[in-house]
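Structural description and commentary
The primary structure of each chain is shown beneath.
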Amino acid sequence: MFLTPHFSLSPLLLLLLAFLPSTPAQDHLSFTFNNFKASPNLTLAGIAEFKPSGLLALTNGSRPDQEAGHAFFPTPFPFKASPNATASSFSTSFIFSISPEFPTLSGHGIAFVLAPAPSLPGAFPGDYLGLFNEINNGNFTNHVVAVELDTIYTKEFQDINNNHVGIDINGLESNVSERAGYYSNGKFQNLTLISGKAMHVWVEYDGGKKEMNVTMAPVNLPKPNTPLLTLSMDLSPILNQTMYVGFSSSSGSFSTSHYLLAWSFKINGLADGFDFSQLPKLPRIGPKKVSRLLTVGLPLSLVLVFGVFSGVVYYVRRKRKFAEVLEDWELDYGPHRFKYKDLYIATKGFREKGLLGSGGFGRVYRGILPTSKIEVAVKRLSHESGQGMKEFVAEIISIGRLRHRNLVQLLGYCRRKGELLLVYDYMPNGSLDKLLYDQPSCTLNWQQRFRVIKGVASGLFYLHEEWEQVVVHRDVKPSNVLLDGELNGRLGDFGLARLSDHGTDPQTTNVAGTLGYLAPEHTRTGKATTSTDVYAFGAFLLEVVCGRRPIEPRAAAEEIVLVDWVFSILRRGEVLRTIDPKLGSEYVVEEVELVLKLGLMCSHSEPAARPNMRQVVQYLEGDIPLPELKLMDISAAGLTFAHREGFDDFALSYPSSMENAFSHSSSVAGSRLSGGR
């Protein structure tokens, strides 16, 4: 392991050096940390920090935002003798723990990294684990090798599940991956990465065989003989002559802490083992155990009449204030249910100062959860608990499992007497509707609008085809598109959504939605389908480009129905006249024409003539060309019919949009939250 020096030392000096302590900084080819006390010589970035207990916390569970944490050994290691030489063998061993606040809900995972520098500039948190971003993910110029311990299923990275181990080369689509676990006596044993327990991982690369093995086991077991993962690949083209070694992780929407307890590394040899007596202790999971003396003896000592009476009175008053409806079957839904008391504290008693908006659905309040400090939006609405309540809550839980970057995350619910409370991720920039109409001095430019359009299309495609069930949203419109801190569009408000299995027809038969976005067949039959969502998305496209609502009752006769007006202008070859004046001249003509024509195509009165969301995404990304309008069989009469139908049945209503809220209600019959369930 050590290089042989070319000079001699006196016996006395050698004797003195033998008694000097060895430190990682002194040993250029290996190091060992049995713990991280006294802030060892590591380079930390992001939210990573050393704990007094000796833990290295890559993320902090008390931080609600998605942020990355990095920890690297400060000195690079010589992985090759020269830039074109063969990569050397190396190995590392580390003990880690992922500790979520909620047993079944986790933030993102952790990754061991070989990188050209002791930092990963520009890397995104969240699904990207602090390793890459949308632009460089998968680029061969990254020269990054990572072993990910991933706790989130991300379809776009081809993840196998939400509890897996993978070897990543230059990107987050793993070259090989397996569910987390280990082999004992030839049998595979599962491990749950978010269990909060300490686990031991070994990563070994054989430069001669050109093979990397990853093995893991509970911390109290020796290294299994059979590795979990094997990648046969020459890393010489990937690794630079010198590389840095370290770790990366990311916090998420759910409070999760990522810890390292110990770490060793070695070039051309097996990494040293650990002195387990020096390992730091993990924080306690769950409430502290109370002795039987306190739980049994103490209540018997409370015999004073005044004390008992005061306690009962206080308990009854508080119980009435925070009383909830809780049935036995709801216990199955576990962490999806919030305590009313926590939501009451989070919103400071649902004060008017924290009101984000209101409408026919109820009211939405901004809040900060008292324990996790996560910023949320709490929708408070009335709902009679009838026979379908169990099915309704089950459907809320199903929708709460949706995971996509362009959907507002439903975190859970609470039932109390005659009302329901739904808890969502908080979106700081409010609704798209607000920025289109309410603040002309602060509007979105074309690049931002086009990104929102593509984001909502991607979210709808996920709902229709990529999730385990088909989700029909039934209320796609700008007021239900929320903007996060980076002005990414996220489709929200699933109060009208319906779920069905792939290959089956939805069972709803009541009309629900918002006038101007309702497909003609929906007003006739009351049946909502993915095609009716596409129709609403068509109206949404025209509205975002033109800055006008689908129906403007006070406009000139030829401009009342937006789709008719756009089509008439398009036929005259003057389509750019329809563009929102607030955009000025800062837009891409080809993109604007694409969106307008696609909006007309989605607004076709015949469902069979509309594209599906997979095709819509392909059109927007430029993967396939948009057909000519004449080939779409679009006519002015057909489009007018589509928008005129149902006018006699429903009254026009356009309330002002809610500031920083999840929706506003310009909805027709059946738009109450529980309608049709």
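Conventions and cut-offs
- Residues numbered from 1 in each chain as written.
- Predicted model: local features only at pLDDT ≥ 70, side-chain atom pairs only at ≥ 80, totals over all residues.
- Heavy atoms only, no water.
- Helix = DSSP H or I, 4+ residues; strand = E, 2+ residues; numbered from the N terminus.
- Buried < 20%, exposed > 50% of the residue type's maximum accessible area, 1.4 Å probe, protein only.
- Contact = heavy atoms within 4.5 Å.
- pLDDT = per-residue confidence, 0-100.
- Core = buried A, V, L, I, M, F, W, Y, C linked by side-chain atoms within 4.5 Å.
- Phe/Tyr/Trp six-rings, centres within 6.5 Å; stacked < 30°, edge-to-face > 60°.
- Lys NZ or Arg CZ within 6 Å of the ring centre and 35° of its normal.
- Salt bridge = Lys/Arg side-chain N within 4 Å of Asp/Glu carboxyl O.
- Polar contact = N/O pair within 3.5 Å; in protein donor to acceptor, adjacent residues only side chain to side chain.

Describing the environment of Lys 281
Its place among the elements puts Lys 281 in the loop between strand 18 (256–267) and helix 2 (292–301). Overall, Lys 281 belongs to the exposed group, its relative accessible area being 74%. Put simply, Lys 281 and Leu 261 are 20 residues apart on the chain and 8.2 Å apart in space, counted from C-alpha to C-alpha. Apart from the residues within four sequence positions on either side, Lys 281 is in contact with Ser 53 and Leu 55.

Points about the confidence of the model for the protein
Of all residues in the protein, 75% have pLDDT values of 70 or greater, and the mean over the chain is 81. Here residues 1–27 is modelled with pLDDT under 50, and outside its nearest four sequence neighbours on either side it reaches 15 contacts, counting other chains as well. Below pLDDT 50 for its whole length, residues 640–677 participates in 131 contacts with residues either more than four positions away or in separate chains.

Some details on the nonpolar core
Ranked by size, the top nonpolar core spans 69 residues in total, and within it Leu 402, Leu 463, Phe 537 and Phe 540 carry the most contacts. Among residues more than four places away in sequence, those in contact with Leu 463 are Leu 402, Leu 407, Gln 469, Val 470, Val 471, His 473, Leu 491 and Phe 494. The next biggest cluster of nonpolar side chains, apart from the first, holds 54 residues, and it includes Leu 42, Leu 149, Ile 167 and Leu 260.

What to know about the packing of aromatic side chains
Overall, the coordinates contain 26 aromatic pairs when judged by the stated rule. A cation over a ring is seen here: Arg 380 above Phe 350, with NZ or CZ 4.2 Å from the ring centre. Positioned above the aromatic ring of Tyr 437, the side-chain terminus of Arg 549 is 4.1 Å from the ring centre.

A short note on the pattern of salt bridges
A complete count under the given rule lists 18 salt bridges for this structure. With a closest N to O distance of 3.1 Å, Glu 49 and Lys 51 form a salt bridge. It is possible to trace a salt-bridge network through shared partners that takes in Glu 134, Glu 156 and Arg 405.

A word on unusual backbone geometry
Negative phi values dominate among residues other than glycine, just as trans dominates among peptide bonds. In the Ramachandran plot, Asn 170 falls in the positive-phi region, its phi being about 65 degrees despite a non-glycine side chain. Locating Asn 170 in the fold gives a position in the loop between strand 10 (164–169) and strand 11 (176–179). A residue is classified by how much of its surface remains accessible, and Asn 170, at 5% relative accessible area, is buried. Within the chain, Lys 210 stands out as a residue other than glycine whose phi angle is a positive 55 degrees. Considering the arrangement of structural elements, one finds Lys 210 in the loop between strand 14 (199–206) and strand 15 (211–218).

Side note on the side chain of Asp 484
Turning to its location among the elements, Asp 484 is positioned in the loop between strand 25 (481–483) and strand 26 (489–491). Taking relative accessible area as the criterion, Asp 484 reaches 9% and is therefore assigned buried. Among the polar contacts listed, one links the side chain of Asp 484 to the backbone nitrogen of Asn 488, at a separation of 2.9 Å. Not counting residues up to four positions away in its chain, the partners in contact with Asp 484 are Met 427, Pro 428, Asn 429 and Arg 490.

Section: the environment of Thr 371
Within the secondary structure, Thr 371 is located in the loop between strand 20 (362–368) and strand 21 (375–382). The sequence separation of Thr 371 and Asp 342 amounts to 29 residues, and the corresponding C-alpha distance is 8.5 Å.

With respect to helix 10 (residues 562–571)
Within helix 10, eight of the ten residues are buried, which leaves the element mostly enclosed by the surrounding structure. By the burial criterion, the buried members of helix 10 are Leu 562, Val 563, Asp 564, Trp 565, Val 566, Phe 567, Ile 569 and Leu 570. Just beyond helix 10, the residue with positive phi is Gly 573, at close to 75 degrees.

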